[in-house]
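Topology and contacts: notes
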Amino acid sequence: MATSAQHFSVNPPSTLLGPSNCNYITPSLQISKNSIIKPIKTQSLKEVCRQESLKEAFRSLSSSFAGQNPPQFRLDDAYSLVLELCASEKCLKQGQQIHTHIAKSNAVGDRVFLSTKLVFMYGKCGSLLNAEKVFDRLSERSVFAWNAMIGAYVAKGEPFEALEVYRVMRVYGVPLDARTLFCVVKACGKLKNLCNGSEIHALTIKLGLGDHVFIANSLMGMYAKCDALDMAIRLFHRMSGRKDDVLWNSIISAYIACGQFIEALRIFGEMLEAGLSPSTYTFVTALQACEDMSLGKVGMEIHATILKSNHHRHVYVANSMIVMYTRCGKIGEALRIFYAMDERDSISGSSMLSGFVQNGLYIEALEFCQEMQEAGLKPDQGSVVSLLAASARSGNLMCGMEIHAYALKSGLDTDLQVGNTLIDLYSKCSKTNYMDSVFQKIPKKDFICWITVIAGHAQNNCHLRVLELFREAQLEKEGVDKLMIGSILRACSGLKCISLAKEIHGYILRRQLSDLVLHNTFVDVYGGCGNVHYASRIFKLIEAKSIVSWTSMISCYVNNGFSNEALDLFLSLKETGIDLDSIALMSVLPAVANLSASWKGKEIHGFLIRKGFIPEGSIASSLVDMYARCGILDNSLRVFNCTRDKDLVLWTSMINAYGMHGHGKAAIDLFKQMEDENLVPDHVTFLALLYACSHSGLVDEGRKFYEAMKNEYQLEPWPEHYTCLVDLLGRANHLEEAFQIVERMHTEPTAEIWRALLGACRVHSNKKLGEIAARKLLELDPESPRNYVLVYNVFAAMGRWDDVAEVRMRMKGKQLKKDPACSWIEVGNKVHTFIARDRSHPQSDEIYEKLREIIEILEREGGYLAQTKFVLHNVEEKEKVKMLHGHSERLAIAYALLGTPEGTPIRITKNLRVCGDCHTFSKLVSKFFPRVIIVRDANRFHHFEGGICSCGDFW
């Protein structure tokens with residue numbers, strides 16, 4: 001590089017920032033010795049600059065410096081023209097070349113003038129640091145220099161600094177002009193500072209500049225941004241004699257900025273009636289007002305006006321029409337405009353891609369991208385964001401990763417919006433390690449970035465990672481908003497960490513961030529942590545309860561075993577008159593199922609039909625499960641058969657329904673039908689299938705499906721699958737095989753697995769394995785009362801009363817209580833509850849009298865004899881008989897025979913396993929009192945009919 005004033009040359013790199021026409025190697029700028037003292041001809045240069053060709057401008061300037069053209073004009077004018085062109089084209093590198101050349105040249109006449117031009121150029125190119133340096137070194141600052149610096153700050157989005165420069169300017173007494181006020185008004189608008197903006201407005205009037213149309217336009221924009229539309233309208237009407245299309249554009253934009261689209265279109269109509277010809281910008285602005293679905297017809301009318309005025313050939317107008325039609329859901333019309341365009345820019349393709357994504361056409365968006373690439377159009381930043389969003393929402397991980405690779409090659413991966421969309425993609429595809437990798441590589445993370453990555457981990461149940469990221473965000477001094485709090489609370493619920501939930505609750509109350517959404521979230525969180533009391537208190541404090549509030553509280557009751565309270569709350573909800581949605585109705589169905597309240601389930605089903613909810617997807621699955629758990633398997637099958645589009649969840653629900661009713665072979669047949677429909681089973685499907693095999697004694701079939709899950713479908717068994725398999729083998733007295741499976745597990749066996757093995761050891765009196773299972777069970781889960789009860793029962797069945805006493809003492813020391821045996825039955829659209837030897841029912845005397853009659857008939861005609869071995873208490877035989885006769889399911893059966901018509905089925909639900917004696921009792925009742933008795937115990941359904949049970953005495 002030559003450094004002498006007589007011969008200077010700077011060659012920028014081949015790839016430059018700015019528009020595409022800046023991406024070239026500019027020719028060397030050379031000054032001949034004669035050019036120092038002779039003026040330079042710049043007439044041709046002026047013409048070149050008018051044509052906006054920076055490349056040609058550099059060539060013309062270089063040839064003038066080399067003395068190839070006879071000089072006529074000053075060098076300062078030549079530099080000024082090229083700097084203005086660099087500013088308009090935002091070509092920073094070339095502008096820096098001119099700056100270097102000016103600094104080293106002795107031929108410059110007015111350095112203050114050119115320095116002002118440099119400030120202007122750097123400001124337009126977004127290089128604030130360079131603009132500040134040039135401005136600070138100015139020995140004399142004209143109003144143009146001050147304006148250039150203020151304008152640079154405004155353009156770069158630094159309105160505070162712009163106003164500070166304006167303040168200093170006033171202190172120095174620099175005279176203001178229209179350009180100064182224009183820039184300052186824009187700064188006030190960006191800050192939404194109505195007070196300062198109004199003061200500037202008053203100053204413009206005082207200085208006699210209020211009639212300048214471009215200042216009036218700026219003022220109207222400022223008032224719109226400050227939500228002072230009335231003042232913008234007043235100013236517009238005051239300019240009645242000087243209204244041009246720019247002024248009309250400003251008032252239309254003001255209405256749009258304030259969300260008043262219909263009024264904006266009315267003003268557009270008035271403009272047309274006034275005889276003014278809309279400009280390209282006018283049409284673009286008017287089309288923005290039609291981006292609401294309801295205004296699509298008006299948008300089509302504007303489209304017709306555009307065609308008549310021949311503005312449709314303008315790429316900006318065509319792009320705006322594409323955006324308008326995609327927002328209105330008319331993707332076909334948008335495509336027609338796109339393909340009819342003579343000239344397209346990157347925004348054209350980006351707008352189409354965005355339209356596909358907004359309308360849920362994710363596959364079409366990816367296909368359109370392929371078409372663009374084949375046409376030689378490369379995706380820009382906006383297109384990459386749209387493509388990543390399409391990949392995320394369609395779950396297309398491979399396509400998303402391809403776009404990620406393109407972003408890496410194009411240097412777009414560090415862009416904040418691209419980075420945030422990548423995090424969302426990997427979150428939706430459950431690739432949390434990739435999500436973290438993208439997050440770490442973003443150089444300057446903003447608040448949205450932290451929210452996105454925290455929410456992504458929360459959605460993937462990485463609860464501890466959520467808390468780690470939250471702490472990191474706090475160390476980085478990032479703020480906290482309601483969305484972030486929602487993700488933190490989800491983590492608290494997942495971790496059952498009520499202490500942290502309370503801390504977050506206190507934080508919200510102190511900062512007065514509470515709103516309806518957060519109140520609803522806290523109901524969910526406290527419910528998820530098992531604190532129903534807290535959840536109920538917050539629910540009661542919500543003044544304007546939404547349907548979400550009610551649904552959250554109902555779900556809280558259901559998930560914590562308060563089914564009666566859930567049903568009561570649902571009845572209260574119906575009385576409020578709030579419109580029920582499908583989610584609210586589905587939330588109460590598990591409570592219906594838990595209570596076997598089939599009448600309420602049928603009522604909700606009818607309500608769903610009356611309200612027009614189609615029994616598809618989750619609604620159909622919930623109904624199938626509800627009817628199955630209420631003991632009405634036929635209704636489950638009807639719902640299943642009536643559903644047209646059966647998804648995997650629905651097939652799994654029906655397989656599970658057959659399984660819980662002991663119809664294992666029907667469950668297997670249905671599974672084969674599902675495979676014929678080319679549906680691929682998942683972990684839950686195989687869990688339902690193994691469950692069905694377990695409760696039907698289908699040992700060989702269960703083994704086969706377990707192996708198929710591992711080998712054919714490549715699904716790694718969950719602990720729940722091992723539990724089902726151990727239960728299946730244990731019930732069939734293959735205890736050694738079951739124990740070997742437990743021993744060979746790659747992970748630590750769960751308490752549920754040892755519980756299944758221990759239950760089988762109890763049935764088949766295997767003392768050796770029973771002791772091992774009992775010890776392991778109490779080691780793994782020493783706080784669960786049901787574990788102690790099971791161990792207690794095993795020891796009692798073996799007659800080991802000293803061990804029984806020890807287990808009781810341990811329970812007492814831990815303040816654990818056994819859940820009392822409880823049965824409930826639905827009679828007369830009401831659920832009646834019975835506890836063993838309970839006398840709280842209003843018809844208690846009649847019930848016990850009926851029970852005495854039943855036992856007499858069964859003893860006399862059926863040979864019934866109480867099996868006292870099932871009473872696991874060290875008491876007299878006579879007392880054991882009394883205890884058996886007072887079991888809760890017998891009281892429910894006696895009440896059903898009293899309160900229901902002859903021949904109607906009896907449906908009973910029990911919270912514990914039915915004992916062997918009650919099982920025999922129920923079989924005999926179904927024979928000598930001709931009734932179908934359906935009992936759902938803690939393990940399965942028993943269908944008693946004609947003295948036979950559907951379980952085949954295998955439960």
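Residues numbered from 1 in each chain as written. Predicted model: local features only at pLDDT ≥ 70, side-chain atom pairs only at ≥ 80, totals over all residues. Heavy atoms only, no water.

1. Things to note about the overall build of the chain
The secondary structure content of the chain amounts to 50 helices and six strands. Overall size of the chain, expressed as C-alpha extent along the three principal axes, is 135 × 60 × 55 Å. Across the 955 residues of the chain, 51% fall into the buried class. In the chain, the share of contacts with a sequence separation of at least 24, taken over all contacts with a separation of at least 6, comes to 63%. Only carbon and sulfur atoms are counted for the fraction: they give 51% of the accessible area of the chain, which is about 45400 Å². (Helix = DSSP H or I, 4+ residues; strand = E, 2+ residues; numbered from the N terminus. Buried < 20%, exposed > 50% of the residue type's maximum accessible area, 1.4 Å probe, protein only. Contact = heavy atoms within 4.5 Å. Areas by Shrake-Rupley, 256 points an atom, 1.4 Å probe, with all protein chains shown as cover.)

2. Comments concerning the nonpolar core
Counting residues in each nonpolar core, the largest one holds 266 residues, and the members touching the most others are I150, I251, I302, M352, I488, M553 and L757. Setting aside its immediate chain neighbours within four residues, M553 contacts V523, V532, A535, S536, F539 and L569. Counting residues in each nonpolar core, the second largest holds 36 residues, with M883, L884, F929 and F944 among its members. (Core = buried A, V, L, I, M, F, W, Y, C linked by side-chain atoms within 4.5 Å.)

3. With respect to the pattern of salt bridges
Side chains that differ in charge, positive against negative, can pair when their charged atoms come close. Summed over the entire model, instances satisfying the criterion amount to 34 salt bridges. The partner of E270 in a salt bridge is R266, and the shortest N-O contact between them spans 2.4 Å. Here the residue E270 and the residue R266 both occupy positions in helix α14 (residues 261-273), the gap between them amounting to four residues, near one helical turn. Taking relative accessible area as the criterion, E270 reaches 30% and is therefore assigned partly exposed. (Salt bridge = Lys/Arg side-chain N within 4 Å of Asp/Glu carboxyl O.)

4. Notes on the sheet that holds strand β1 (residues 822-827)
Taking strand neighbours across the sheet as the criterion, the six strands line up as β2-β1-β3-β4-β5-β6 in an open arrangement whose pairing is mixed. The sheet terminates laterally at β2 (830-835) and β6 (948-949), the two strands that pair on one side only. The pairing of strand β4 (residues 933-936) with strand β5 (residues 941-945) spans four bridges and is classified as antiparallel. Paired with R936 across the two strands is F941, which belongs to β5. (Pairing = 2+ DSSP bridges.)

5. So, a positive patch on the surface
Judged by side-chain charge, K90, K124, R179, K186, K190 and K225 come together as a positively charged surface patch. Take the positive patch: its biggest share by element is three residues, from helix α9 (residues 178-191). Examined against the element boundaries, K90 turns out to sit in the loop between α3 (75-89) and α4 (92-104). The class of K90 is partly exposed, set by a relative accessible area of 47%. (Patch = residues over 30% accessible without salt bridge, like charges linked within 9 Å, V, L, I, M, F, W, Y side chains within 5 Å. Lys, Arg positive; Asp, Glu negative; His and termini not counted. Charge placed at Lys NZ, Arg CZ, Asp CG, Glu CD.)

6. Brief notes about the confidence of the model for the chain
Mean pLDDT for the chain: 86, with 91% of residues reaching 70 or above. Of the regions scoring below 50 in pLDDT, residues 1-21 engages in 47 contacts with residues more than four places distant in sequence or in other chains. In the model, residues 23-43 has pLDDT below 50 throughout and makes 74 contacts with residues more than four positions away in sequence or in other chains. (pLDDT = per-residue confidence, 0-100.)

7. Examining helix α47 (residues 844-861)
Here α47 is 18 residues long and its end C-alpha atoms lie 26 Å apart, about the 26 Å a rise of 1.5 Å per residue gives. If you check which residues of α47 are buried, you get S844, I847, Y848, K850, L851, I854, I855 and L858. The buried residues of α47 all sit within an arc of 160 degrees when viewed along its axis, so they share a single face. Facing away from the buried surface of α47 by more than 90 degrees, the exposed residues are D845 and R860. Residues of α47 that are buried in the fold lie against β2, α48 (877-885), α49 (888-899) and α50 (916-928). (Expected span 1.5 Å × (residues − 1). Arc of directions from axis to C-beta.)

8. Focus: the pairing of β5
Where burial is concerned, most of β5 is hidden: four out of the five residues are buried. Pairing of β5 with β6 involves two bridges; the strand directions are antiparallel. Following the sheet pairing, F944 is matched in β6 by C949. Between β5 and the antiparallel strand that follows it, β6, lie two residues; G946 among them carries a positive phi value of about 60 degrees.

9. Digging into the environment of L573
Counting through the fold element by element, L573 comes out in helix α32 (residues 563-576). Classification of L573 by relative accessible area gives buried; the value is 0%.

10. Details of the side chain of K117
Of note, K117 is situated in helix α5 (residues 111-124). Polar contacts involving the side chain of K117 include one to the side chain of E84, which spans 2.3 Å. With sequence-adjacent residues up to four places away left out, K117 is seen in contact with S80, L83 and E84. (Polar contact = N/O pair within 3.5 Å; in protein donor to acceptor, adjacent residues only side chain to side chain.)

11. Overview of the packing of aromatic side chains
The description of two aromatic rings rests on the distance between their centres and on the angle between their planes. For the structure shown, the criterion picks out 22 aromatic pairs. Between the aromatic rings of F182 and F214, the centroid separation amounts to 5.4 Å while the plane-to-plane angle is 45 degrees, which identifies the pairing as tilted. Of the two residues, F182 is situated in helix α9 and F214 in helix α11 (residues 213-225); the sequence distance between them amounts to 32 residues. With relative accessibility at 17%, the residue F182 sits in the buried group. Considering the side-chain rings of F671 and F705, the 5.4 Å spacing of their centres and the 80 degrees angle between planes classify their relative orientation as edge-to-face. Of this pair, F671 sits in helix α38 (residues 664-676) while F705 sits in helix α40 (residues 699-711), and the two are 34 residues apart along the sequence. Residue F705 is classed as buried on the basis of its relative accessible area of 6%. Taken together, the aromatic side chains of F338, Y339, F356 and F368 make up a single cluster linked through ring pairs. A cation sits over an aromatic face here: K704 above F705, 5.0 Å from the ring centre. When the ring centre of F921 is taken as reference, the NZ or CZ atom of R890 above it lies at 4.6 Å. (Phe/Tyr/Trp six-rings, centres within 6.5 Å; stacked < 30°, edge-to-face > 60°. Lys NZ or Arg CZ within 6 Å of the ring centre and 35° of its normal.)

12. What to know about unusual backbone geometry
The backbone phi angle of Q512 is positive, close to 55 degrees, even though this residue is not glycine. Here Q512 is to be found in the loop between α28 (498-510) and α29 (516-528). One non-glycine residue, Q714, adopts positive backbone phi at about 55 degrees. Relative to the helices and strands, Q714 resides in the loop between α40 and α41 (719-731).

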